[in-house]
Amino acid sequence: MNNPQTLDKSDFERLSQFRYRLRCFLRHSEDICRRYGLTPLQYQLLLHLRGFHGRDWATVGELAERLQSKHHGVVALVDRCEQLSLVVRRQGREDRRQIEVHLLEEGVNRVTQIAEAHQPELRHLQEETPFPGWHKST
């Protein structure tokens, strides 16, 4: 550590509260995903596809970055989602070596339901731990 900074008790309290709220949110999210028949990782894959900036699909490499996972792990995850008829692979339009992953109708339905079920807990997290760029719902 090049810049030693002394943390005081209140810094640790804020960090502890943040980690606690984050873990509560994640546990709640895991429960919601299971209720809709998906694993949390499957939901995250669908979420990143639905929320990918500027288009409705992503490459396996882009998904690996968003999920902070290894390429081969994302390939296996896409396999499982494909078996559930949530996504489909297509050869890249611009670079035929790349594989595009697209949501199917069932994937759109499932990610929408799960995202909607997350809204109350997201509002609660936002109230307790405001982040820049988040706007409180009225």
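Residues numbered from 1 in each chain as written. Predicted model: local features only at pLDDT ≥ 70, side-chain atom pairs only at ≥ 80, totals over all residues. Heavy atoms only, no water.

- The name given to the chain in an unreviewed UniProt entry is MarR family transcriptional regulator, with the source organism recorded as Vreelandella aquamarina.

**Looking at the overall build of the chain**
- Along the chain, the regular secondary structure elements total five helices and three strands.
- For the chain, the α and β elements follow one another from N to C terminus as α-α-β-α-α-β-β-α.
- Computed over C-alpha atoms, the radius of gyration of the chain comes to 18 Å, more than 25% over the 14 Å expected from 2.2 N^0.38 for 138 residues, which places it beyond the range of a compact globule.
- With the principal axes as the frame, the chain shows a C-alpha extent of 55 × 40 × 25 Å.
- Taken over 138 residues, the chain has a buried fraction of 30%.
- Residue pairs in contact within the chain that sit at least 24 positions apart in sequence constitute 50% of those at least 6 positions apart.
- Looking at the chain as shown, the accessible area adds up to about 9,700 Å², and 50% of this sits on carbon and sulfur atoms. (Helix = DSSP H or I, 4+ residues; strand = E, 2+ residues; numbered from the N terminus. Rg over C-alpha atoms; globule rule 2.2 N^0.38 Å. Buried < 20%, exposed > 50% of the residue type's maximum accessible area, 1.4 Å probe, protein only. Contact = heavy atoms within 4.5 Å. Areas by Shrake-Rupley, 256 points an atom, 1.4 Å probe, with all protein chains shown as cover.)

**Brief notes about the packing of helix 3 (residues 60-67) against helix 4 (residues 71-83)**
- Where helix 3 contacts helix 4, the two axes come as close as 9 Å, and the packing angle between them is 105 degrees. In terms of orientation, helix 3 lies roughly perpendicular with respect to helix 4. Listed contacts from helix 4 to Val60, Gly61, Leu63, Ala64 and Leu67 of helix 3 are His71, Val74, Val75 and Leu77.
- Among the residues making up the contact of helix 3 with helix 4, the classes are represented as seven nonpolar, two polar and no charged. (Axes fitted to C-alpha atoms, helices over the stretch in contact; angles between N-to-C directions. Parallel < 35°, antiparallel > 145°, perpendicular 65-115°, else oblique. Nonpolar A, V, L, I, M, F, W, Y, C, P; charged D, E, K, R; others polar.)

**Let's talk about helix 1 (residues 9-35)**
- For helix 1, built from 27 residues, the straight-helix expectation of 39 Å at 1.5 Å per residue is met to within 8% by its first-to-last C-alpha distance of 39 Å.
- For helix 1, the set of buried residues is Arg21, Cys24, Phe25, Ser29, Ile32 and Cys33.
- Contact partners of the buried residues in helix 1: helix 2 (40-50) and helix 5 (105-128). (Expected span 1.5 Å × (residues − 1).)

**Observations regarding the nonpolar core**
- Leu45, Leu46, Leu49, Leu63, Val74, Val87 and Val101 are the most contacted members of the largest nonpolar core, which has 23 residues in total.
- For this core, the elements supplying multiple residues, two or more each, are helix 1, helix 2, helix 3, helix 4, strand 3 (99-103) and helix 5.
- Once residues within four sequence positions are removed from consideration, Leu45 is found in contact with Leu63, Leu67, Val74, Leu77, Val78, Cys81 and Val87. (Core = buried A, V, L, I, M, F, W, Y, C linked by side-chain atoms within 4.5 Å.)

**Points about the packing of aromatic side chains**
- Tallied over the entire structure, the rule returns zero aromatic pairs.
- Over the face of the ring belonging to Trp57 we find Arg55, whose NZ or CZ atom lies 4.0 Å from the ring centre. (Phe/Tyr/Trp six-rings, centres within 6.5 Å; stacked < 30°, edge-to-face > 60°. Lys NZ or Arg CZ within 6 Å of the ring centre and 35° of its normal.)

**Thoughts on the side chain of Arg110**
- With respect to the helices, strands and loops of the structure, Arg110 is situated in helix 5.
- Here Arg110 falls in the buried class, since its relative accessible area comes to 16%.
- In this structure Arg110 touches Tyr36, Gly37, Leu38, Leu46 and Leu86, once residues within four positions along its chain are discounted.

**Considering the sheet that holds strand 2 (residues 87-91)**
- Strand order across the open sheet formed by three strands is 1-3-2, with antiparallel pairing between neighbours. A strand with exactly one partner marks an edge of an open sheet, and here the two such strands are strand 1 (57-59) and strand 2. Each neighbouring strand pair of the sheet contributes to a mean axis angle of 30 degrees, computed without reference to strand direction.
- When strand 1 meets strand 3, the two strands line up antiparallel, connected through three bridges. By the bridge assignment, Trp57 is partnered in strand 3 with His102.
- Of the strands in this sheet, strand 1, strand 2 and strand 3 are in contact with helix 2, which crosses strand 3 at around 95 degrees. (Pairing = 2+ DSSP bridges.)

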